[in-house]
Amino acid sequence: MQISGAEILVRSLQEEGAEYIFGYPGGAVLEIYDAIFRQNQFKHVLVRHEQAAIHAADAYSRSSDKVGIALVTSGPGATNAVTGIATAYMDSIPLVVISGQVATPAIGMDAFQEVDMVGITRPCVKHNFLVKDIKDLAETIKKAFYIAKTGRPGPVVVDIPKDVTQALAEFAYPDSVHIRSYLPVTRGHPGQIKKAVGLLMGAKRPYIYVGGGAVQGGAAAEVTELVRSLGLPCTNTLMGLGAYPGSDPQFLGMLGMHGTYEANMAMQNCDVLIAIGARFDDRVISVPEHFLSSPKKIVHIDVDPSSIAKRVKVDVPIVGDVKHVLKEMLELIRASGERPDAAALADWWQQIEAWRSRDCLLYKPSSEFIKPQSVVQALYEITGGNAIVTSDVGQHQMWAAQYYKFDRPKQWLNSGGLGTMGFGLPAAMGAQLANPDATVACITGEGSIQMNIQELSTCKQYHTPVKVISLNNRYLGMVRQWQEFFYGTRYSESYMDALPDFVKIAEAYGHVGMKIESPADVEPALREAFSAKLKERLVFMDFRTDQSENVFPMIRNGKGLDQMDLPPHMREDDAPPANRDYGNLC
Amino acid sequence: MKHILSILLENEAGALSRVVGLFSARGYNIDSLTVSTTEDPTLSRMTIVTHGSDDVIEQITKQLNKLIEVVKVIDLNESEHIERELMLIKVRATGKEREEMKRMADIFRGRIIDVTEKTYTIELTGTTEKLGAFIEAIDRAVILETVRTGASGIGRGERILKI
């Protein structure tokens, strides 16, 4: 029996096990929406802006093992989706984004709501397709899912012209797909794996550096076993948080621009580094030359060969699925019974503990102003460290990463690569739908939240009782911090005047709003928001935080990992920087 | 250093722009690019001449391989290879210059493929350097128009690039 292209698409998504798709209808996708109306196997979530559809689908994937699915119309629907697609691309998140397109005869005619979606998204997708013939539709969808989730995952866009959704064809969904030009590697080279183990066993100052690849690659258990069985120190990148338990003593905290003192010092001073699904990016190692100025041997395990030797030349490159490679390494280690030099390792730990004892995340408490760090700490306590936490981008994101200890992978969802403000709320929504029983908190700021605040409406419609923790300092905090440090306290356009009453906004959308202005109210308010009474409600918490707080440690542009700007209590003279002046802070 | 990359890719709409987009997005250089279908109509063969340090060339190769439609990439510079480029050059050929131009074309093994009273159009093949040498050898002032295809390359001997 022949069915329409729209029905073929819907049936294909069903075959892929779709549970939720996130989208927004429009002219070019009306046929598809009609086919969705006539099925009940998966649910459609109607967002309020297409960017949010992609972030929600993205977080749905980040917080589960599934591929996220989004559906947008042609033209503005498609362009609105681009920021979300680029976000997923930078963080290697498997997504399939279906975009409507004008009918094939109209392509190139500057038709109403026409945009070259394949052209626009080409640099920010793993792959994309324009389906010109209905006969190719089912196979293209199969390929899209296969490409999105295999190898280094990423978003795949499938652009479908309206006439293809209306045409008729027989439906047969392929069982498998073979793409001769796409053969992702899984197993690492055995010789290289052996070399890596050899290097590790000879190490005096070993260090395990774990990135988002270990989270996406499902390798947290293997990472944990490697680190624990050999008693090694471990750090996670912003994207890797949760790959190794954040509350474990062998964890030195996040590294990088706002990493902990001990994590960064160990990164600079280790002699054998095992990089697992991480890519030595600029926010992590800063200047490659400085990083390499302390001699070290580097093993780099990554599924994407182009991540290896991109910024840093390594001694033992291993291309392969991190989970597979780590399993083989663990087997070799077990079989050999070898361990790194115990005395040297003990010395190394002694050095690390000395760094750690400087307590770089210490901040001065205040009874007058709410310290943003204290809100994250209280959130950690009250949620028992169990919440799925999403964040937006800025100071609050760094404080969330520093002070909430993530023990599980896929528990921390943030836009690490692209740094997309507006990610947090739609992401919380997507994560809540993927994990209906989980507590989901979105740590945000008054700047970021306003970039997708309209999604409060979607949260109401779909009963996603996420808790929004807004650290409201009336400033675009990270911009303000840079202006304080590097632009002579000229706070150009980083102060937001005329902020709305967020409590009223929350209430207007049918949610619960809270305004918290005193440090003494932080904990009670959080307890109430996370109480059984409000379990089914979205609670928007507007914390009025200290405007002058900065994120420390910090590595300035051009500085090395061991050249951090330290928090006041760690500075030798303990004096504030000369240009520190809050005179014109409001 | 100059490198000649030979790429086998799916003969599909958009594949060429993915390759070109990659070079511009990542700031790599393209000195020349040629592409056409092969004896297998599902495949295109592309030759890109680029330059950069060994690290850059390694990244280019890896990034090209990452493109879904790219089947294979080789750097022809890694072993012996043959490189050819075609040039069509229209020159003024009047009076004394007419005889001189004919002689010069012969020396470079070019062929005159179109003649008017005032011009010759010369077809010349060879390495990029040879074509450059021809342009250097004749009087710049007589050149009316130059069209070059960019280099195509193939491995010498039994070395082949196939699926």
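Since the model is a prediction, treat every value here as computed from it, not as a measurement.

1. Side note on the overall build of chain A
Along the backbone of chain A there are 23 helices and 20 strands. In summary, chain A has a C-alpha radius of gyration of 25 Å against a globular reference of 25 Å for 586 residues, a match within 12%. Expressed along its principal axes, the backbone C-alpha trace of chain A runs to roughly 75 × 60 × 45 Å. Taking all 586 residues of chain A together, the buried fraction comes to 60%. Within chain A, counting contacts between residues at least 6 apart in sequence, those at least 24 apart form 77% of the total. When the accessible surface of chain A is summed, it comes to about 22200 Å², and 52% of that surface belongs to carbon and sulfur atoms. Side chains of chain A carry 56 positive and 65 negative charges; the gap between the two charge centres is 3 Å.

2. Some remarks on helix H2 (residues 30-37) of chain A
All names here are of chain A. Turning to H2, its buried residues are Ile 32, Tyr 33, Ala 35 and Ile 36. End-on view of H2: buried residues confined to an arc of 160 degrees, all on one side of the axis. Buried residues along H2 sit in contact with helix H1 (5-15), strand E2 (20-23), strand E3 (43-46), strand E4 (68-72) and helix H7 (162-166).

3. Describing the UniProt feature "domain: Thiamine pyrophosphate enzyme N-terminal TPP-binding" (unreviewed entry) in chain A
Per the UniProt record, the feature "domain: Thiamine pyrophosphate enzyme N-terminal TPP-binding" (unreviewed entry) sits at residues 4-118 of chain A. Here residues 4-118 of chain A runs as 43% helix and 18% strand, with 23 Å between its end C-alpha atoms.

4. Things to note about the interface of chain B and chain A
Where interface size is given, it is often the accessible area lost as the parts come together that is meant. The partner chain A presents 18 residues to the 20 residues of chain B that form the contact. Roughly 1500 Å² of surface becomes buried between chain B and chain A when both sides are summed, with 46% attributable to carbon and sulfur atoms. Put simply, chain B and chain A have three salt bridges between them. Here Asp 55 of chain B ties to Lys 313 of chain A by a salt bridge, and the two come within 3.0 Å at their closest N and O atoms. If you list the elements that add at least two residues to the side of chain B that touches chain A, you get helix H1 (15-25), helix H2 (54-66) and strand E4 (70-75) of chain B. Looking at the side of chain B that touches chain A, the element that brings in the most residues is H2 of chain B, giving six residues.

5. Details of the side chain of Asn 472 of chain A
Residues and elements named next belong to chain A. Within the secondary structure, Asn 472 is located in strand E18 (residues 467-472). Taking relative accessible area as the criterion, Asn 472 reaches 0% and is therefore assigned buried. Excluding anything up to four places from it in sequence, Asn 472 contacts Glu 446, Leu 499, Phe 502, Asp 542, Phe 543, Arg 544 and Thr 545.

Cut-offs applied
Residues numbered from 1 in each chain as written. Chains lettered and ligands numbered in written order. Predicted model: local features only at pLDDT ≥ 70, side-chain atom pairs only at ≥ 80, totals over all residues. Heavy atoms only, no water. Helix = DSSP H or I, 4+ residues; strand = E, 2+ residues; numbered from the N terminus. Rg over C-alpha atoms; globule rule 2.2 N^0.38 Å. Buried < 20%, exposed > 50% of the residue type's maximum accessible area, 1.4 Å probe, protein only. Contact = heavy atoms within 4.5 Å. Areas by Shrake-Rupley, 256 points an atom, 1.4 Å probe, with all protein chains shown as cover. Lys, Arg positive; Asp, Glu negative; His and termini not counted. Charge placed at Lys NZ, Arg CZ, Asp CG, Glu CD. Arc of directions from axis to C-beta. UniProt positions renumbered as here; feature names shortened; annotations may be inferred. Buried area = accessible area lost by both parts, 1.4 Å probe. Salt bridge = Lys/Arg side-chain N within 4 Å of Asp/Glu carboxyl O.

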